[in-house]
Amino acid sequence: MHENSVLNPERIPRHVAIIMDGNGRWAKQRNLPRIMGHKAGTESVKNIVKSARELNLEVLTLYAFSIENWKRPSFEVQGLMTLLKTFLKSELQNLLDKNISLRCIGEIEKLPPDVQKILLQVIEDTARNAEGKEGLILNLALSYGSRSEILRAARIMAEKCVSGQFDPEDISEKLFASHLYTAGLPDPDLLIRTGGESRLSNFLLWQLSYAELYITETMWPDFNAERFFEALKYFQGRERRFGQTSEQLQAE
Ligand code: FPP
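Residues numbered from 1 in each chain as written. Predicted model: local features only at pLDDT ≥ 70, side-chain atom pairs only at ≥ 80, totals over all residues. Heavy atoms only, no water.

Peer 1: I'd like to hear about the overall build of the protein chain, residue by residue, with values.
Peer 2: Counting its regular elements, the protein chain contains eight helices and six strands. Reading the helices (α) and strands (β) of the protein chain from amino to carboxyl end gives β-α-α-β-α-β-α-β-α-α-β-β-α-α. Viewed in the frame of its principal axes, the protein chain has a C-alpha envelope of about 55 × 45 × 35 Å. Long-range contacts, defined here as pairs at least 24 residues apart, represent 76% of the contacts in the protein chain between residues at least 6 apart. Put simply, the protein chain shows about 13500 Å² of open surface, and 50% of that area lies on carbon and sulfur atoms. Distance between charge centroids for the protein chain: 6 Å, based on 32 positive and 34 negative side chains. (Helix = DSSP H or I, 4+ residues; strand = E, 2+ residues; numbered from the N terminus. Contact = heavy atoms within 4.5 Å. Areas by Shrake-Rupley, 256 points an atom, 1.4 Å probe, with all protein chains shown as cover. Lys, Arg positive; Asp, Glu negative; His and termini not counted. Charge placed at Lys NZ, Arg CZ, Asp CG, Glu CD.)

Structure below.
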């Protein structure tokens, strides 16, 4: 029996977001340099993208590099940028073959020019994927911070008010969301955090309002398809009430 046969195909989340934590600790436990943890973490990224596609998820958002991560030692930052570049180059064909469209959220202009170049190239080359019913959007959060994203949206909307494109009273949740990096994407239904910490770490603060949270002690390099199914099974066992009562939901 394949592990995913226990999942209800009718209740696969549309959008899963993941905080990929624990690479450093995974490496430390093995007396390896931290970058080896990130390298092993890249293999987990490939495995989870494959699973997400097979399970027909619409969107998978991965927190690959936060704004705060710029403060790490420069060799670690450089190592992560190199891993990202290698990943993008080596995965392009796979993304095309599997009908996966790459997107990114965050302050991309802060990434080194060579990383920006390959990133934008892969985004452009895969832009026509996942347009129909089938296909996955792989959304990488890079140089991402949620407060900064919200401030950016507020600033753009303020400028639009000043220039008369709309009035302050026109600002609704829908209009606000359309000014975030995630405009057009459904909100995540499930947030997975590996590495055992129960924090949001400035990730998708607006978009995660109604998400189910799943925290696992498993370090990101050890997170595999089986662990992913466990998280999805947990999600399927939850009743999502969106503020209503169970009785109201059952009556619907
Ligand atoms: C957190 O672990 C992880 C990161 C800061 C980077 C995540 C990057 C990857 C998985 C690889 C590159 C990404 C792609 C998309 C190819 P940590 O270093 O904070 O771990 P720790 O808490 O154990 O120290």
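Peer 1: If you had to explain the packing of aromatic side chains to someone new, which residues and values would you point to?
Peer 2: Any two aromatic rings considered together are summarised by their centre-to-centre distance and by the angle between their planes. Within this structure, the stated rule accounts for nine aromatic pairs. Seen in terms of ring centroids, Phe-223 and Phe-228 are 6.3 Å apart; in terms of plane orientation they differ by 65 degrees. Their pairing is edge-to-face. The exposure class of Phe-228 is buried, given its relative accessible area of 0%. Among the aromatic residues, those joined into a ring-pair cluster are Tyr-63, Tyr-144, Tyr-181 and Phe-203. Here the basic side chain of Arg-11 rests over the ring of Phe-235, its NZ or CZ set 5.7 Å away from the ring centre. (Phe/Tyr/Trp six-rings, centres within 6.5 Å; stacked < 30°, edge-to-face > 60°. Buried < 20%, exposed > 50% of the residue type's maximum accessible area, 1.4 Å probe, protein only. Lys NZ or Arg CZ within 6 Å of the ring centre and 35° of its normal.)

Peer 1: Any chance you could break down the pattern of salt bridges for me, citing the residues and the numbers?
Peer 2: All chains considered together, the criterion is met by 13 salt bridges. One salt-bridge network, in which partners are shared between bridges, spans Asp-21, Arg-25 and Arg-193. (Salt bridge = Lys/Arg side-chain N within 4 Å of Asp/Glu carboxyl O.)

Peer 1: Tell me about helix α2 (residues 34-54), and please be specific about residues and values.
Peer 2: For α2, spanning 21 residues, the distance from its first C-alpha to its last is 31 Å, which sits close to the expected 30 Å at 1.5 Å a residue. Buried within α2 are the following residues: Gly-37, His-38, Ala-40, Gly-41, Thr-42, Ser-44, Val-45, Ile-48, Val-49, Ser-51, Ala-52 and Arg-53. Asn-56 occupies a position one or two residues after α2 and carries a positive phi of about 70 degrees. (Expected span 1.5 Å × (residues − 1).)

Peer 1: So what's going on with the site of the ligand? Residues and values would help.
Peer 2: Residues in contact with the ligand amount to 17 residues; listed here are only the nearest, Asp-21, Gly-24, Arg-25, Arg-34 and Arg-72. Between the ligand and Gly-22 there is a distance of 3.3 Å, counted from an oxygen atom to a backbone nitrogen or oxygen. Here Arg-72 contributes a side-chain N or O atom positioned 2.8 Å from an oxygen atom of the ligand. Within the complex, 92% of the 620 Å² of free accessible area of the ligand lies under protein. Taking a 2 Å distance to the grid points as the criterion, the majority of the atoms of the ligand fall inside the largest pocket. Where the shell around the ligand is concerned, the elements lending two or more residues are α1 (23-29), α2 and α3 (74-97). In terms of residue count, α2 provides more of the shell around the ligand than any other element does, four residues in total. When its residues are assigned to classes, the shell around the ligand shows six nonpolar, seven polar and four charged. (Near = heavy atom within 4 Å. Polar contact = N/O pair within 3.5 Å; in protein donor to acceptor, adjacent residues only side chain to side chain. 1 Å grid on protein atoms, 1.4 Å probe; cavity = no way out; pocket = protein on both sides within 12 Å on 5 of 7 lines; lining within 4 Å. Sits in = over half its atoms within 2 Å of the grid points. Nonpolar A, V, L, I, M, F, W, Y, C, P; charged D, E, K, R; others polar.)

Peer 1: Outline unusual backbone geometry, supporting the account with residue identities and numerical values.
Peer 2: Note on backbone geometry: most residues besides glycine have negative phi, and most peptide bonds are trans. The residue Asn-56 is not glycine, and still its phi comes out positive at about 70 degrees. By secondary structure assignment, the location of Asn-56 is in the loop between α2 and β2 (59-66). The class for Asn-56 is partly exposed, based on a relative accessible area of 38%. Of note in this structure, Ser-201 is not a glycine but carries a positive phi near 50 degrees. Within the secondary structure, Ser-201 is located in the loop between β5 (190-193) and β6 (212-215).

Peer 1: Go over the sheet that holds β5, please, and point to the residues and values.
Peer 2: What holds strands together in a sheet is hydrogen bonding between their backbones, with the strands either parallel or antiparallel. Pairing is parallel in the open sheet, where six strands are placed in the order β3-β4-β2-β1-β5-β6. Looking at strand neighbours, the two that pair on one side only are β3 (100-105) and β6, the edges of this open sheet. With strand direction ignored, the average angle separating the axes of adjacent strands in the sheet is 20 degrees. Summarising the sheet, strand β1 (residues 15-19) and β2 pair through five bridges and their orientation is parallel. Residue pairing across strands places Val-16 opposite Leu-60, the latter belonging to β2. (Pairing = 2+ DSSP bridges. Axes fitted to C-alpha atoms, helices over the stretch in contact; angles between N-to-C directions.)

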